[in-house]
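Analysis of the macromolecular model
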Amino acid sequence: MTINPKTVMLIAEDHDFQRRTLVRILHGLGIVDILEAANGREALEVIRSAPKPPEVVLSDLDMPEMDGMAFIRHLGEAKQGMDIIIISALDPVLLGSVAKMADAYGVHLLGIIEKPVTRARLMQLLAGHHAAGHAPEPVRPVPPAFGWQEIRAGIANREFEPFFQPKIEMASGRVIGAEALARWRHPVHGVVAPYAFILEMERHKDIDALTFLMLEKAAHACRDWIAAGFDTTVSVNLSLISLADISLAGRITACVKSAGLEPKRMVLEITETAAMTELAPALENLTRLRMHGFGLSIDDYGTGFASLQQLARVPFTELKIDQGFVTGCAQSRAAYVIVEASIALARGLGLKTVAEGIETEEDWDTLKAAGCDVAQGYFIARPHEEDAFLEFCRKRAGSA
Ligand code: C2E
Ligand code: MG
Ligand code: MG
C-alpha cells in the first residue's frame, strides 16, 4: 500500500533528535506536510492555527508541560476525528491501558510503536489510516433519543422482546442456555438495542414493566425449547432499581411459574455494582429468589465494586467475567491475569464461570485452557430471534 503524500501529519515529541528522525522517515515515505510540536500543549496550538488540520498525529507519551495522555483527552473532547499513533518506550502493559483510555475518550488509535521507530512499522500503521478512508468518523454512534412517552407506548404495545444469545459449555461444546437481551421492535426505527431505552426507563424508575415482559417471554421461549427436546436454561437481566422493592422475588416467581417454567431453569443476572449494594432489601430479594430455585449470576464481573466479603454474602451460582477482560485476553497479559484470577475465585466459591465477549478462536482456546466453564460471544453466535435460536440448537446438535 502506498502512502498518500498529501496527508498532513503532526509529530508531538519533546526530544529534538527523535523528532528529526521521525520527520526524516516520513519524508522518506513521500510525506511533505509535517507539523511539529514539543509537547501536547504546543501540539494543540499547532492544530488550531494550521491552515489544514493534520489527519494523523504521532505522539510521544512522556512529554513535559502536557503529556500524551492529557493531549489524547483534549483531542477526544474536541472531537477532532483525527487518527493517532502513539510512540513510546513505556512498558507494554502501560501501553495497553493507554489504548483503552484513548478508546474511552473516543480517539481513534491506529496503533502503538515501541521505540525505536522503524519505517516498516510506521508504514504498516499508516496503511490503517488509508484503508479507513479520510473522512473523519463520528466518535460513537449516537442512539436515537427516545422520549419517555414513546417508550411507554412501546411497552403498552408489547413491542419489546428478547433476543437470545447462546451459552456453550466449553468442555462439551453443548448449548446449555441462552441470555435474553432486550430489543425494541420499533415500528419506524426497526430493531433497537437496549442502550437506547434502558437508561431512560431506569431514570423514571419504571424498568419493571420491561423486566416482566422479558421474564414472561423468556420463560415461554425456554419452555418451548425444553418441549422440543433441548435441556436448556434461560438468563434474564435484572436492574438494581427493581431489587429495592421487597415484593420483587415473589412477583418474579409467580410470573415465571405462570409462564410454565420451573425457576431452576432460569438464571437472573445482576450487574456487579447492583449486586454489591448495601441495601438490605436487595439481599432479601436475592436470597429469596435463590431459595425459590433461580440461579443468580454476577454480571460484568471485574468492572464494579465487589469486595470479597460481599461476593460471599450473596448466594450467587455463576460469575460472568466482563467482556472487557475476555475480548482479546489471548493477546493481553493484564487481561489474562484478571481472567485467570476470576476463574480461581469463582471455583473457590463454588460458582460456575461464564466468559462473555469471546470474539475469536484464540480467545476461546485461551479461556478453555484457563478452565472457564461456559462461553458466550460473537465467535459462537450473535443474539438471535427466538425461532433462530431453536434453529441454532438443532444445527449444533446435528453437528455434534
Ligand atoms: P450484558 O447483560 O452484559 O449483555 C451482554 C452484551 O454484550 C449484549 O449487548 C450482547 O449483545 C453483547 N455481546 C455478546 N457477545 C459479544 C461479543 O462477542 N462482543 C461484543 N462486543 N459484545 C458482545 P446488548 O444486547 O446490547 O445489551 C447491553 C446491556 O443492556 C446488557 O449487558 C444488559 O446490561 C442490558 N440489558 C439487556 N437486556 C436487558 C433487560 O431486559 N433488562 C435489563 N435491566 N438490562 C438489560
Ligand atoms: Mg447480562
Ligand atoms: Mg455482561
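Residues numbered from 1 in each chain as written. Chains lettered and ligands numbered in written order. Predicted model: local features only at pLDDT ≥ 70, side-chain atom pairs only at ≥ 80, totals over all residues. Heavy atoms only, no water.

In a pair of packed helices, the angle between the axes and the distance between the axes together describe the arrangement. Where helix α8 (residues 208-227) contacts helix α10 (residues 248-258), the two axes come as close as 9 Å, and the packing angle between them is 35°. Read as a crossing pair, α8 and α10 show a hand that is right-handed. Taken together, the residues of α10 that come into contact with α8 (itself represented by D208, F212, L215, E216 and A219) are L248, R251, I252, C255 and V256. Of the residues belonging to the contact of α8 with α10, the class tally is seven nonpolar, no polar and three charged. (Axes fitted to C-alpha atoms, helices over the stretch in contact; angles between N-to-C directions. Helix = DSSP H or I, 4+ residues; strand = E, 2+ residues; numbered from the N terminus. Left-handed = near helix turned anticlockwise from the far one by under 90°. Contact = heavy atoms within 4.5 Å. Nonpolar A, V, L, I, M, F, W, Y, C, P; charged D, E, K, R; others polar.)

A word on the coordination of the magnesium ion (ligand 2). For the magnesium ion (ligand 2), every protein donor is listed as E179 (OE), N237 (OD1), E269 (OE) and D299 (OD), and the spread of their distances is 2.0 to 2.3 Å. If you look at the magnesium ion (ligand 2) and the magnesium ion (ligand 3), they sit 4.1 Å from each other and are both ligated by D299. Placement of the pair is N237 in strand β9 (residues 233-238) and E269 in strand β10 (residues 266-271), with a sequence separation of 32 residues. For E269, a relative accessible area of 0% gives the class buried. (Donors = N, O, S within 2.8 Å, 3.2 Å for Na, K, Ca; no water. Buried < 20%, exposed > 50% of the residue type's maximum accessible area, 1.4 Å probe, protein only.)

This next bit is on the sheet that holds strand β1 (residues 9-12). The five strands lie next to each other as β2-β1-β3-β4-β5, forming an open sheet whose pairing is parallel. The sheet terminates laterally at β2 (34-37) and β5 (108-114), the two strands that pair on one side only. When strand polarity is set aside, the average angle formed by the axes of neighbouring strands in this sheet is 20°. Of the pairings in the sheet, the one linking strand β3 (residues 56-60) to strand β4 (residues 83-88) comprises five bridges and is parallel in character. Opposite V57, over in β4, you have I84 as the bridge partner. The strands touched by helix α2 (residues 40-49) are β1 and β2; relative to β2, the strand with the most contacts, the crossing angle is about 145°. Against the sheet, helix α3 (residues 68-77) makes contact with β1, β3 and β4, and its axis sits at roughly 155° relative to β3, the strand it touches most. (Pairing = 2+ DSSP bridges.)

Formed by 76 residues in total, the largest nonpolar core has its most connected members in I252, M266 and L268. With ten residues, α8 is the largest single contributor of residues to this core. Residues within four places of I252 in sequence aside, it is in contact with F212, L215, L238, L268, L289 and F294. Of all hydrophobic cores here, the second largest spans 26 residues; its members include I72, M82, L95 and V98. (Core = buried A, V, L, I, M, F, W, Y, C linked by side-chain atoms within 4.5 Å.)

What follows covers the pattern of salt bridges. If you walk through the whole model with that rule in mind, you get 21 salt bridges. When the shortest N-O distance is used, the salt bridge between R251 and D208 registers 3.4 Å. In this pair, R251 sits in helix α10 while D208 sits in helix α8, placing the two residues 43 residues apart along the sequence. Overlapping salt bridges bring together E179, E269, K320 and E356 as one network. (Salt bridge = Lys/Arg side-chain N within 4 Å of Asp/Glu carboxyl O.)

D299 (OD), D300 (OD) and E356 (OE) make up the full set of protein donors to the magnesium ion (ligand 3), lying at 1.8 to 2.4 Å. In primary-sequence terms, the residues that donate to the magnesium ion (ligand 3) follow D-D-x55-E.

On to the pairing of β1, then. Residues M9 and I11 of β1 are buried on one face, and the alternating residues L10 and A12, pointing to the opposite face, are buried as well. Pairing of β1 with β3 involves four bridges; the strand directions are parallel. Looking at β3, one finds that I11 is bridged to L58. Regarding the hand of the β-α-β motif, the stretch spanning β1, helix α1 (residues 16-28) and β2 is right-handed. (Right-handed = clockwise from strand over helix to strand, strands pointing away.)

What you see with strand β12 (residues 318-321) is no split at all: E318 and K320 on one side and L319 and I321 on the other are buried throughout. Sheet analysis places strand β11 (residues 295-301) next to β12, joined by three bridges and oriented parallel. What sits directly across from I298, in β12, is L319. For β12 and strand β13 (residues 352-356), the ladder comprises four bridges, and the chain directions are parallel. Its bridge partner being in β13, E318 is matched across the sheet by K352.

Of the residues in the chain, 92% reach a pLDDT of 70 or more, and the chain-wide mean stands at 89. Low pLDDT, under 50, characterises residues 134-143; the stretch is placed with ten contacts to residues that sit more than four places away or in other chains. (pLDDT = per-residue confidence, 0-100.)

Looking at the element boundaries, Q376 is found in strand β14 (residues 374-376). Other than its neighbours up to four places away in sequence, Q376 contacts Q165, P166, K167, E179, K320, V354, A355, E356, G357 and I358.

On to the domain arrangement of the chain, then. Here the chain is described as being made up of domain 1 (9-133) and domain 2 (148-399). Between the C-alpha centres of domain 1 and domain 2 the distance comes to 40 Å. (Domains from an automatic or database assignment.)

Mapped onto the elements of the fold, T253 is located in helix α10. Looking at T253, the relative accessible area reads 7%, which means it is buried. Not counting the four nearest positions on each side in its chain, T253 is found in contact with P263, L289, H292 and F294.

With that settled, consider unusual backbone geometry. K115 connects to P116 through a cis peptide bond whose omega is 0°. Here P116 lies in the loop between β5 and α5 (119-131). The backbone of E65 sits at a positive phi, close to 75°, despite the residue not being glycine. Phi at D300 takes a positive value of approximately 50°, unusual for a residue other than glycine. With respect to the secondary-structure elements, D300 resides in strand β11.

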